[in-house]
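A look at the structure
One letter stands for each residue in the lines below.
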Amino acid sequence: MDKKNLLVIGIILLAALALLAGVLLNRPMTAVEEDMVIITIDGKEYTRVPLSRPQTVTVKQDDGCVNVVEVSDHGAVMLSSTCDNQLCVKMGEVTVDNWEFRPNQQFIICLPNRVSIELAVTE
């Protein structure tokens, strides 16, 4: 890899961290009564899906961006996205069993489409 590629990767990582910080700082931390998946667009809540009601959620935005999220009884995964880099799809599944050990913990983030998935577990 040359310096330009490393610079681009660094910028993408910094932007992802900034988005994550924005999501965490701009929404109040609320306790949940049951384990659920919270999907946000630009830091604003789009929907909440309890793990007790597995379903596939298609997030369609006015600008043509589309993300498909599959919620199961144990977690969530980004099935597909219209973003170019597909990093959100490659992040794999976040589950009740693995969220504490994942590098990004309970989040899956699609930075180009400004969509985040959070696994909110009861304490």
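Please read these numbers as outputs of a predicted model, since none were measured by experiment.

Quick notes on the rules
Residue numbers run consecutively from 1 along every chain, following the written order of its sequence. A pLDDT threshold of at least 70 governs which residues receive local features in this predicted model, and a stricter bar of 80 or more applies before side-chain atom pairs are shown or counted, although totals over entire chains, interfaces and linings include all residues. Excluding hydrogens and water, the side-chain figures rest on all heavy atoms present in the structure. Only DSSP runs of H or I covering at least 4 residues are called helices, and only runs of E covering at least 2 are called strands; the numbering of each starts at the N terminus. The cut-offs for exposure are 20% and 50% of the maximum accessible area for each residue type, with area from a 1.4 Å probe on protein chains only; residues under the lower value are buried, those over the upper are exposed, and the others partly exposed. Throughout, a residue-residue contact means that at least one pair of heavy atoms, one from each residue, lies within 4.5 Å. Patch building starts from residues that exceed 30% relative accessible area and form no salt bridge, then joins like charges within 9 Å and nonpolar side chains (Val, Leu, Ile, Met, Phe, Trp, Tyr) within 5 Å. Accessible surface area values rest on a Shrake-Rupley calculation with a 1.4 Å probe, where residue burial reflects the displayed protein chains alone. Salt bridges, as used here, are contacts in which a Lys or Arg side-chain nitrogen is within 4 Å of a carboxyl oxygen on Asp or Glu. Note: two strands are recorded as paired if DSSP finds a minimum of 2 bridges between them. Orientation is described by lines fitted to C-alpha atoms, with helices fitted over the stretch in contact, and by angles between N-to-C directions that extend from 0 to 180 degrees.

Some remarks on the overall build of the protein
Looking only at helices and strands, one finds two helices and eight strands in the protein. Starting at the N terminus, the α and β elements of the protein follow one another as α-β-β-β-β-β-α-β-β-β. For the protein, with 123 residues in total, the buried portion stands at 39%. Taking all contacts inside the protein whose residues are at least 6 apart in sequence as the whole, residues at least 24 apart take part in 36%.

Some details on the environment of Arg 102
Within the fold, Arg 102 resides in the loop between strand E6 (94-95) and strand E7 (107-110). Take Arg 102: its relative accessible area is 10%, and that puts it in the buried class. In this structure the C-alpha to C-alpha distance between Arg 102 and Gly 92, which are ten residues apart in sequence, comes to 9.9 Å. For Arg 102, the contacting residues outside a window of four places in its chain are Met 91, Gly 92, Glu 93, Val 94, Phe 107 and Ile 108.

Comments concerning a nonpolar patch on the surface
Taken together, the side chains of Met 1, Leu 6, Ile 9 and Leu 13 make up a nonpolar region of the molecular surface, amounting to roughly 450 Å² of accessible area. Positionally, Ile 9 belongs in helix H1 (residues 3-26).

Regarding the sheet that holds E7
Pairing is antiparallel in the open sheet, where four strands are placed in the order E2-E1-E8-E7. Each edge of the open sheet is held by one strand with a lone partner, namely strand E2 (44-50) and E7. Pairs of neighbouring strands in the sheet enclose a mean axial angle of 15°, with direction left out of account. Both E7 and strand E8 (residues 115-120) contribute to a ladder of four bridges, which runs antiparallel. Directly across from Cys 110, in E8, lies its bridge partner Val 115.

Purely geometric numbers; function is a separate question.
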